[in-house]
Amino acid sequence: ARPVMVAREVLLLVGVLCALTRATIVHHVIYGAEGEIVVKFDTASGDYSVSVDNEDWLTSDNIAFHVDGKWYNSKDSTLVLKSSSNTKGTSTFLGQYVATSIEWNAGSVPVITTIKSYQTTPAIVFEVSYPVGAVNTSLNTNTDVITNFPMFSKFSSSLNYLTFQGLFANPVVGKLQAGHMPGGIEGGPVFLYNEKLRTVALSPLDNFMVSIHEWVESGSLSFGIQGKVKELPYGFTSSTVLYGGQGIRSTVSGWGAMLLGVYGKKPATLASDEIISKLGYWTDDGGYYWYNTEPGKNYQETVIDVMNYLKSANIPVKNFQLDSWWYPKGKNDGVLEWIPMSTVFPDGIKYVHDQIGVPLAMHNRYFAPDTPYQKNFSMIVEEYCALPQDENLFLSIMGASKSWGNVVYEQDWLITTYEKMNATQDNVVAGRKWLVSMGAAAAKLNMTIQYCMPLPLHLLQSVEAQPVTQTRVSGDYVPGTDQWKAGWSSMLAWALGLVPYKDDFWTTESQPNCYNMDGRGTHCTEPNTILQTLSAALTAGPVGPSDMIGKMNRTLIMHTCRNDGLLLKADYPAIPLDAFFRNTFATPRVDQIWLSSTTISSYTFHYLLAAGLPSPFTLRVSDLPGASNQSNYVAIDYFSLLNKIAGQTAVATLDNAHDLVVPVAGLPNIGQEPFRYYVLAPQTAKCVLMGEVNKFITVSKQRIKSITVTSLGMSVAVMGSPGESLQFGFIKDVANPSLTVASVILDQQGLGSVSCN
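Residues numbered from 1 in each chain as written. Predicted model: local features only at pLDDT ≥ 70, side-chain atom pairs only at ≥ 80, totals over all residues. Heavy atoms only, no water.

### Some remarks on the packing of helix α5 (residues 391–404) against helix α8 (residues 430–445)
When two helices pack together, their arrangement is given by the angle between their axes and by how far apart the axes lie. Our working rule: Only the stretch in contact is used when a helix axis is fitted, and all axes are lines through C-alpha atoms; the angle between N-to-C directions ranges over 0 to 180 degrees. Secondary structure elements follow DSSP: runs of H or I no shorter than four residues count as helices, runs of E no shorter than two count as strands, and numbering proceeds from the N terminus. Throughout this description, any angle smaller than 35 degrees is read as roughly parallel, any larger than 145 degrees as roughly antiparallel, any in the 65 to 115 degree range as roughly perpendicular, and the remainder as oblique. Two helices cross in a left-handed way if the nearer one is turned anticlockwise from the farther one by less than a right angle. They cross in a right-handed way if the turn is clockwise. We call two residues contacting when some pair of their heavy atoms lies within 4.5 Å. Classification convention: Asp, Glu, Lys, Arg as charged; Ala, Val, Leu, Ile, Met, Phe, Trp, Tyr, Cys, Pro as nonpolar; all other residues, Gly among them, as polar.
At their nearest, the axes of α5 and α8 sit 8 Å apart, and the two run at 40 degrees to each other. With respect to their mutual orientation, α5 and α8 come out oblique. Classified by chirality, the crossing of α8 by α5 is right-handed. Where α5 abuts α8, its residues Glu 391, Phe 394, Leu 395, Met 398, Gly 399 and Lys 402 lie against Trp 434, Ser 437, Met 438, Ala 440, Ala 441, Ala 442, Lys 444 and Leu 445. Of the residues contributing to the contact of α5 with α8, the split by class is nine nonpolar, two polar and three charged.

### Side note on the sheet that holds strand β27 (residues 448–451)
Where we set the bar: Strand pairing is assigned whenever DSSP identifies at least 2 bridges connecting the two strands.
The seven strands lie next to each other as β21-β22-β23-β26-β27-β28-β29, forming an open sheet whose pairing is parallel. Each edge of the open sheet carries a strand with a single partner, namely β21 (280–281) and β29 (499–501). Sheet topology note: the β27/strand β28 (residues 468–472) ladder contains three bridges and is parallel. Each residue of the ladder has a partner; that of Tyr 451, found in β28, is Thr 471. Most of the contacts of α8 go to β27, to which it runs at about 145 degrees, and overall it touches β26 (406–411) and β27.

### Let's talk about the state of the cysteines
Any covalent bond linking the sulfur atoms of two cysteines counts as a disulfide. Worth spelling out the cut-off: We call a pair of cysteine sulfur atoms a disulfide when they lie within 2.5 Å. Relative accessibility thresholds used throughout: buried, under 20% of the residue-type maximum; exposed, over 50%; partly exposed, between the two (1.4 Å probe, protein chains only).
A full pass over the atoms with the stated rule returns two disulfides. Put simply, Cys 514 and Cys 524 are joined by a disulfide, and their sulfur atoms are 2.1 Å apart. Measuring handedness by torsion sign, the sulfur bridge of Cys 514 and Cys 524 sits at about -95 degrees and is left-handed. Here the residue Cys 514 occupies a position in the loop between β29 and β30 (515–516), and Cys 524 occupies one in the loop between β31 (519–520) and α11 (529–538), the gap between them amounting to ten residues. Accessibility expressed as a relative area gives 1% for Cys 514, which makes it buried. Residue pairing for Cys 687: its cysteine sulfur links by disulfide to Cys 756, the two sulfurs lying 2.0 Å apart. In this structure the cystine formed by Cys 687 and Cys 756 twists about its S-S bond by roughly -75 degrees; its chirality is therefore left-handed.

### Considering α11
Here α11 lies mainly inside the structure; ten of its ten residues are buried. Within α11 the residues assigned to the buried category are Thr 529, Ile 530, Leu 531, Gln 532, Thr 533, Leu 534, Ser 535, Ala 536, Ala 537 and Leu 538. Buried residues along α11 sit in contact with α12 (554–557), β33 (592–600), β34 (603–611), α14 (638–642) and β39 (675–682). Where α11 terminates, the next one or two residues include Ala 540, which has phi positive at roughly 65 degrees.

See below:
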């Protein structure tokens, strides 16, 4: 089962109450362990408000729709209220609901607004329906909403927001009343929270490719269909969901699980495909061999040479990524045909696959407007690129690549395809059909998909495509930059059932004559090789070093995996802590402090990364997921302990009487960017298990079968490759800490045990 970050499931009772027989205000109430959320809906005016735990959070501004080239709104009565009704029903996943609907006339166009509340899900849905559709709806802008329901203009002064914006879904936080909240087509779901971290999520429930939120500078927040859409088809319905929870991590996770459940998608696991589960080699931008071969050789020879070097260096790479350099380009540098160029692979990709002996991940981009595929497959062709509308196109190209050894189809340039085309934005069908067709083809071929260069709307749309298992969460790798910052976007990706990927990285500092997006010979130094590698391991996704031949740091790479290439992972990606949101509530900001966890035999270990902090961070033991004031942990400063750095507190108690204060300063000789990495281990009676001393994820399910604690000490059952030598660290005396290392060589079945007595 996929690990979740929710301490308990919340059961809710939903009711609709009328205070008086002839009252016009209907109360939609959801009750739970955290408190209650109430939406009051005035069926006489259409006004509504949201209160959380008896505090007014959101109050409606207006109900407004743009049809027939004109605005109709409830404020000036151009939107005419016709009737209201109360109903009950059941949806497939969300369960039983009660609903209040108002029918309006926007000129001659009927529009129905509905509020639904659910019995077994902490959700309220705002729904807009067009029984006969609507035409001439466009505002010729993708930042404004044409179906303003819900729309809020009065907000509690006690609220902050978290949202995700732009390429790779970057985090944005702020005070709700203090200015601009980014939105439009590059906006993402909105999470509102107070100082106690009571949280509600607001996001589309459908029509992900054309649904946005809009923040108007006068101070209103609206949700609905974006303003480039020209018309709405007969029977069109659009829904926005409000989901309630306690804590940022728990609410984001629960909201994502709800969306996955609505669409019947199973979340990806840490072993969904070989690209996720095993060590790879990548030729993406920033990689040494991105549009860059060995001198005097073609790519066929270079790829084979790289793999031969990896084998000779005993680096267990088990998959190989081919980036955009292998296929021909057409107009606007789009893909002409997704086939290998003969100058790149003279003997074909299958030949290369057979030579290197590992599965492939293969890159694709937007299709050129002059692609010959448009002759045989349905595509919308515009000036910049062409948009597939035909599952058969993907069956054709993916099927061919599978015969060459491809297992993961990497769809890159998602933002470019979306923003450069009109069809993805001016109708409610084309963008969704493109991605759903892609997913359907991959499902039939038993392949998986990685999204790259996504907007938040692409991540939301992935809930309708089971084969989409992974997504990039940081920009293209450029040596020497802060591209390692992956934790915040990982939170959104993981919630939506996707395993995050940081992109490739170097493990050796200097690699001459490199080539990347900024040209040859630029950015050829990586001063943070350890942090880059550690960040990749903490995403729990693919790990893809990309050094040149002769420059791979095997010792550093092997900190991420077993001898057979199986990656060692925590149970979920490292993401921001709730404590960070609480500690920075007065001045919200985005700092790089993330935490992930592993639970084995009921013992939970945590991994904390803090990098580039502007001020010290105080962590209480009760801040750890699943912990309480009664929990007892030991905080191990990983590099201080293993590198024996003088003047540092390498081991400290973390309990109700002792907090962990994470300093701003880094440590010597581990990179230019100051950072600290802690293993937080549960304190047992006789021994504290640090785990594998030469791995970043020291305790993982890929290595440890069970942990047994007795009155005499501790025994750890381990697994791996036959003959693999393992070193496990234990701390026996926290007051006077020293590291005891126990070694074991695994037997012919790849099994063994280590103990501390």
